[in-house]
Amino acid sequence: MSACCGPDRAAGPTAAPAAEADFAVPARSRADVLRGMVRVPGGPFLMGGDDADAVPVDGEGPVREVTVSSFHIDATCVTNAKFARFVKATGYRTEAERFGWSYVFGPFVPPTAETSVLPGTVPGAPWWRAVEGAYWRAPEGPGSSVGERGHHPVVHVSWHDASAYARWAGKRLPTEAEWEKAARGGLVQARFPWGDELSPRGRHRCNIWRGRFPAHNTGEDGHVGTAPVNAFGANGYGLYNTSGNVWEWCADRFSPDWHAADRPETRTDPAGPPQGANRVLRGGSHLCHHTYCNRYRVAARTANAPDSSTGHGGFRCAVSESALPDH
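Below or above, wherever it landed, is the structure these notes cover. Everything quoted here is computed from the prediction, not taken from an experiment.

Cut-offs applied
- Residues numbered from 1 in each chain as written.
- Predicted model: local features only at pLDDT ≥ 70, side-chain atom pairs only at ≥ 80, totals over all residues.
- Heavy atoms only, no water.
- Helix = DSSP H or I, 4+ residues; strand = E, 2+ residues; numbered from the N terminus.
- Rg over C-alpha atoms; globule rule 2.2 N^0.38 Å.
- Buried < 20%, exposed > 50% of the residue type's maximum accessible area, 1.4 Å probe, protein only.
- Contact = heavy atoms within 4.5 Å.
- Lys, Arg positive; Asp, Glu negative; His and termini not counted.
- Charge placed at Lys NZ, Arg CZ, Asp CG, Glu CD.
- Phe/Tyr/Trp six-rings, centres within 6.5 Å; stacked < 30°, edge-to-face > 60°.
- 1 Å grid on protein atoms, 1.4 Å probe; cavity = no way out; pocket = protein on both sides within 12 Å on 5 of 7 lines; lining within 4 Å.
- Points joined across faces, edges and corners; volume = space filled by probe spheres on them.
- Nonpolar A, V, L, I, M, F, W, Y, C, P; charged D, E, K, R; others polar.
- Pairing = 2+ DSSP bridges.
- Polar contact = N/O pair within 3.5 Å; in protein donor to acceptor, adjacent residues only side chain to side chain.
- Salt bridge = Lys/Arg side-chain N within 4 Å of Asp/Glu carboxyl O.
- Axes fitted to C-alpha atoms, helices over the stretch in contact; angles between N-to-C directions.

1. Things to note about the overall build of the protein
Summing up its helical and strand segments, the protein has six helices and 13 strands in all. A compact globule built from 327 residues would reach a C-alpha radius of gyration of about 20 Å, and the protein, at 19 Å, matches this within 12%. Considered along the principal axes of its C-alpha atoms, the protein spans approximately 55 × 45 × 35 Å. The burial tally for the protein puts 55% of its 327 residues in the buried class. Pairs at least 24 apart in sequence give 75% of the contacts found in the protein among residues at least 6 apart. Separation of charge centres in the protein, based on 34 positive and 34 negative side chains, amounts to 4 Å.

And the structure:
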């Protein structure tokens, strides 16, 4: 996959983290699990895309009819405030903390963290820097803070970290099919969650890179880095920011072609291929720009290693209706 979307941890300094201790999963009521979630009705939808600006190796197509069962999904990405409650309750340490570093967009590294930038660059994406001490509480490295970003999406979380939070919350990560159905908001084959036009009537509807990447972001959509999780308008199902802001982990392993064949396992509640090293990411981020990473379209996809983390990667959770507590 393109390193512009998110570099693999294997491209950076190597260090094996200590194993994370398990934590107790609290019993949760139905109301507790469903708080902040929206229901997505089951049924068929057209998944995938055939956009002219799609990246063939991503495997966005073919456009196919996929059926999913009814489920609930978080209206927003998990925030720093919510992740902080998880950490306080469990003592969980993210993989970025245990590795000791994570990837930060170079221009965001503050002067206080310049000495923490580790040697080397990411091939094809030199704007990514491995920063020692960068993690969810210090997203730009030492000296940075999420103090005024409690309602922003938590970042520097790996697929393993996101899965751990979901389990603690009585939920799980959405499948890629669930994510796309929810992100489309009931629209059929629209390029974006709100329609086919990026900025209808001149109004910005998502947080992406505006200007000339990577030299200058005008911030004309109101944000240069991450935006609050409920910025802009919700889609037809009530989900916010499924285009831009931060990439979102899905449950599935990644394959560019596993889904192409018309088989029951690819067309009804697909859970992704049984094998594969990387996991799917959807939605694009605030670093996406049409000149190099036009992956903020609904059908767009990418992937990364499940232990990798970046300053533009987050997640939201889902739960099957059949898995909800009775009370």
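2. Here we look at the packing of aromatic side chains
Counted by the stated rule, this structure contains 21 aromatic pairs. Plain terms: the ring middles of Phe105 and Trp209 are 5.6 Å apart, the flat faces sit at 75 degrees to each other, and that makes the pair edge-to-face. Separated by 104 residues along the polypeptide, Phe105 in strand β5 (residues 101–105) and Trp209 in the loop between α5 (176–184) and β7 (211–212) bring together distant segments of the chain. Ring geometry for Phe213 and Tyr292: centres 4.2 Å apart, planes at 15 degrees, overall stacked. Taken together, the residues span a long stretch of sequence, with Phe213 in the loop between β7 and β8 (216–217) and Tyr292 in the loop between β10 (279–282) and β11 (301–304) at a distance of 79 residues. Overall, the relative accessible area of 12% leaves Phe213 in the buried class. A connected cluster of aromatic rings, assembled from ring pairs, spans Phe23, Phe83, Phe86, Tyr92, Trp136, Tyr165, Trp168 and Phe315.

3. What to know about empty space enclosed by the protein
Applying the stated rule across the entire model yields four cavities of 30 Å³ or more. In this structure, the largest cavity occupies an estimated 110 Å³ of space. Residue lining of the largest cavity: 16 residues in total, with Arg64, Glu176, Asp252, Trp258 and His259 positioned closest to the centre. Those elements that provide at least two residues to the lining of the largest cavity are α5, β9 (247–253) and α6 (264–267). Broken down by class, the residue content of the lining of the largest cavity amounts to six nonpolar, four polar and six charged.

4. Observations concerning the sheet that holds β10
Hydrogen bonding along the main chain pairs the strands of a sheet, whether they run parallel or antiparallel. Strands sit in the order β11-β10-β9-β12 across an open sheet of four strands; the sheet is mixed. The open sheet terminates on both sides in strands that have one partner only, identified here as β11 and β12 (313–314). Looking at chain direction, β9 and β12 are connected through two bridges and run parallel. Among the inter-strand pairings, Trp247 is bridged to a residue of β12, identified as Gly313.

5. Observations regarding α5
Counted residue by residue, α5 has nine buried out of nine residues, so it is predominantly covered. Every buried residue belonging to α5 is among Glu176, Ala177, Glu178, Trp179, Glu180, Lys181, Ala182, Ala183 and Arg184, and all of these are buried. Immediately downstream of α5, the backbone of Gly185 shows phi near 65 degrees, a positive value.

6. Details of the side chain of Asn241
Tracing the backbone through its elements, the reader meets Asn241 in the loop between β8 and β9. From its side chain, Asn241 meets the backbone oxygen of Pro228 in a polar contact 3.1 Å long. With residues up to four places along the chain from it excluded, the contact list for Asn241 reads Pro228, Val229, Asn230, Ala231, Phe232, Glu248 and Arg316.

7. Here's the deal with the pattern of salt bridges
Per the counting criterion, the structure on display carries 21 salt bridges. Between Glu180 and Arg184 there is a salt bridge; the shortest N-O distance is 3.0 Å. Here Glu180 and its partner Arg184 are both found in helix α5, four residues apart, which amounts to about one turn of the helix. In this structure Glu180 comes out as buried when scored by relative accessible area, which is 1%. The buried category is assigned to Arg184, whose relative accessible area is 4%. Among the ionic contacts, a cluster of salt bridges with common partners joins Asp51, Asp53, Glu60, Arg191 and Arg297.

8. A look at the sheet that holds strand β4 (residues 71–74)
On the basis of which strands lie adjacent, the open sheet formed by three strands has the order β1-β4-β13 and antiparallel pairing. What marks the edges here is a single partner per strand, and that holds for β1 (37–40) and β13 (318–320). Direction aside, neighbouring strands of the sheet carry axes that sit 25 degrees apart on average. In this sheet, β13 lies alongside β4 in antiparallel orientation, the contact comprising three bridges. Bridge assignment links His72 to a residue of β13, and that residue is Val319. Each of β1, β4 and β13 touches α5; the most contacted strand, β4, lies at about 75 degrees to it.

9. As for the layout of surface pockets
Over the atoms a probe the size of a water molecule is rolled, and this reveals where empty space is left. Approximately 290 Å³ is the volume attributed to the largest pocket. At the level of secondary structure, the elements contributing two or more residues to the lining of the largest pocket comprise α1 (30–34), α2 (80–90) and α4 (159–168). Looking at side-chain class alone, the lining of the largest pocket contains seven nonpolar, one polar and seven charged residues. Here the lining of the second largest pocket gets three residues from one element, more than from any other, and that element is β5. In terms of residue class, the lining of the second largest pocket is made up of ten nonpolar, seven polar and two charged.

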